[in-house]
Structures are given as structure tokens and as C-alpha cells.
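Coordinates in review
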Amino acid sequence: MNQIDKLRKQIDKIDFQILDLLKKRSKIAENIGKEKKSNNLFRPERQASILRNILKKNGNNLNPSYILSFWRSIFLSQIDVQGGIKLLLSNNIANSYIKTIYDYFSHDIEIITVNNTSKALEKVYNGKNILTILPYPSYNKGAQWWTNKRLEKLYGIAALPFFLRKKKSPSLIIVSKYMPVIEKDSYFLYISKYLIKDKNMILETKSSKYYLYRSNYMINNKNLKLFGILPKHYEG
């Protein structure tokens, strides 16, 4: 047996070890799903925490995008074990941002297209473990959907892409019916009818009637409605 064959044998052994570990992880994920009773299966704040820990341990050995791709596939496959999620996209989002979406969820995510944003929000509100993705709130045309009344009982739970260069803004936001979980390295979005001056808040955007603020803190103010709790991006 030459040296290359010996090295390949080592890789084969590692592959089987990886498979055994994935099977053990899937079993644990299945048990977690039973405890959740199939509610709120998609937990982006937990995924972000896992990725940060892995990337920190990785150092500079592997390309971070390769790590993201590998673990996203693991996350989605094990959400499927728990019951699965569905992703609703309006046609314009599906056409314009499909690569960003696949980079975040992996190519195995089930995508259902709908005609418009209001229809997507309605299905998210009435369904179970259904998500939609919309343009991140901004002053841009088509990004004022956050004033929709249907959002009174929906939340922003994560922004895309996860890898973001410094001083760059996210392009998309994931919306869910389930209350987001506060985790380390998260930020908050608030909606208000009023212009509020607070050193702990930044005005992200505004419409003719509402203001959207961002903060690194949970703020108790009767004039603010919590719109989202989102994991901070991994900056590189």
C-alpha cells in the first residue's frame, strides 16, 4: 500500500467517525423536538451561538464560509428530524436573493413562493413552523412592509447574510409567529409612532406614520413595540 492509499484509509476512518457523530447528534435533536412538541423548531439565535463557538475554535484553519455551509446542512437536517419548517417567499424575493437564502439555510430548504408580502405574512400567522423572508427594513423602495398591521403578532428573528462585512447592512430579515429568544450577542428592533431620542437607540428607518429603532438593549418604554430580537452578524 503506497502513502496515498494509507492517507485515504485515514480519511475513510474519519468519515465513518463523522457519520457516527451525526447520528448521535440527530438522536439528541429528535429528543429536543419531542420536548418542544414541534413548536418553534427554528432557533436562529441558538444556531448563531453554535457557529460563533465553532468559528472561534477554528481559528484561521478553515474558510468560515465552508464551516457555515456544512453546519447549515446539519441544522436543517436535524430540524427535519424534529418535524421540519417551511419557507415562504414572495416571487420578487425568490428571484433576487435566492443565493443569500440558500447560503443561510442550505439548498435543502423547502421553498414555497407566493404572490405578495401580505399573503406570506398571513400564512406565517396562521401556520405552524412557517417562516417568510423579506427585505431588511430600510428607506429603499419595497422595504416599508414592516408597517403592515399583520405584523402585530409576528416577529423578526434573524437577518441575512450571517457573514457581514463591517459597516455593511443586512439585506433580508426572517419573520416568524414565534416570540424570539434573547441570547448573548443579539440586538433588538422596536416600532414606535413617535420620534424618540435615546442614546441607546438608533433610528433604522421610518415611514409616514412609524419609526423603526435598533438597540443593543431591551428597553422598557410604553411607546415602543418590540418587533424583533436578532442574532448579531459575524463580521469579517
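Preceding this paragraph is the structure being described.
Summarised in this report is the structure supplied together with it. (Residues numbered from 1 in each chain as written. Predicted model: local features only at pLDDT ≥ 70, side-chain atom pairs only at ≥ 80, totals over all residues. Heavy atoms only, no water.)

**Observations regarding the nonpolar core**
One finds Phe42, Ile85, Ile101, Phe105, Ile133 and Ile174 to be the most contacted residues of the largest nonpolar core, which totals 27 residues. In terms of residues, this core owes the most to one element, helix α4 (residues 91–105), which gives five residues. With sequence-adjacent residues up to four places away left out, isoleucine 101 is seen in contact with Leu87, Leu89, Ile93, Ser106, Ile111, Ile133, Leu160 and Leu172. Core analysis: the second largest hydrophobic core is formed by 21 residues, Leu134, Trp146, Ala159 and Leu230 among them. (Core = buried A, V, L, I, M, F, W, Y, C linked by side-chain atoms within 4.5 Å. Buried < 20%, exposed > 50% of the residue type's maximum accessible area, 1.4 Å probe, protein only. Helix = DSSP H or I, 4+ residues; strand = E, 2+ residues; numbered from the N terminus. Contact = heavy atoms within 4.5 Å.)

**As for the environment of alanine 158**
As for its placement among the helices and strands, alanine 158 is situated in strand β4 (residues 155–160). For alanine 158, a relative accessible area of 1% corresponds to the buried category. With 28 residues separating them along the chain, alanine 158 and serine 186 place their C-alpha atoms 9.4 Å apart. Apart from residues lying up to four places away in sequence, alanine 158 is in contact with Pro44, Tyr104, Leu172, Ile173, Ile174, Leu230 and Pro231.

**Regarding the pattern of salt bridges**
Counted by the stated rule, this structure contains four salt bridges. Put simply, aspartate 20 and lysine 23 hold a salt bridge, and the shortest N to O gap is 4.0 Å. In this pair, aspartate 20 and lysine 23 both sit in helix α1 (residues 3–36), three residues apart, roughly one turn of the helix. Using a relative accessible area of 40% as the deciding quantity, one classes aspartate 20 as partly exposed. The class for lysine 23 is exposed, based on a relative accessible area of 52%. Lysine 99 serves as the salt-bridge partner of aspartate 103, at 2.9 Å between the closest nitrogen and oxygen. Placement of the pair is aspartate 103 and lysine 99 together in helix α4, with a separation of four residues, close to one helical turn. Its relative accessible area of 38% is what places aspartate 103 among the partly exposed residues. (Salt bridge = Lys/Arg side-chain N within 4 Å of Asp/Glu carboxyl O.)

**Some thoughts on the pairing of β4**
Of all six residues in β4, six are buried; the element is thus mostly enclosed. Sheet topology note: the β4/strand β6 (residues 172–176) ladder contains five bridges and is antiparallel. Paired with alanine 158 across the bridge in β6 is isoleucine 174. (Pairing = 2+ DSSP bridges.)

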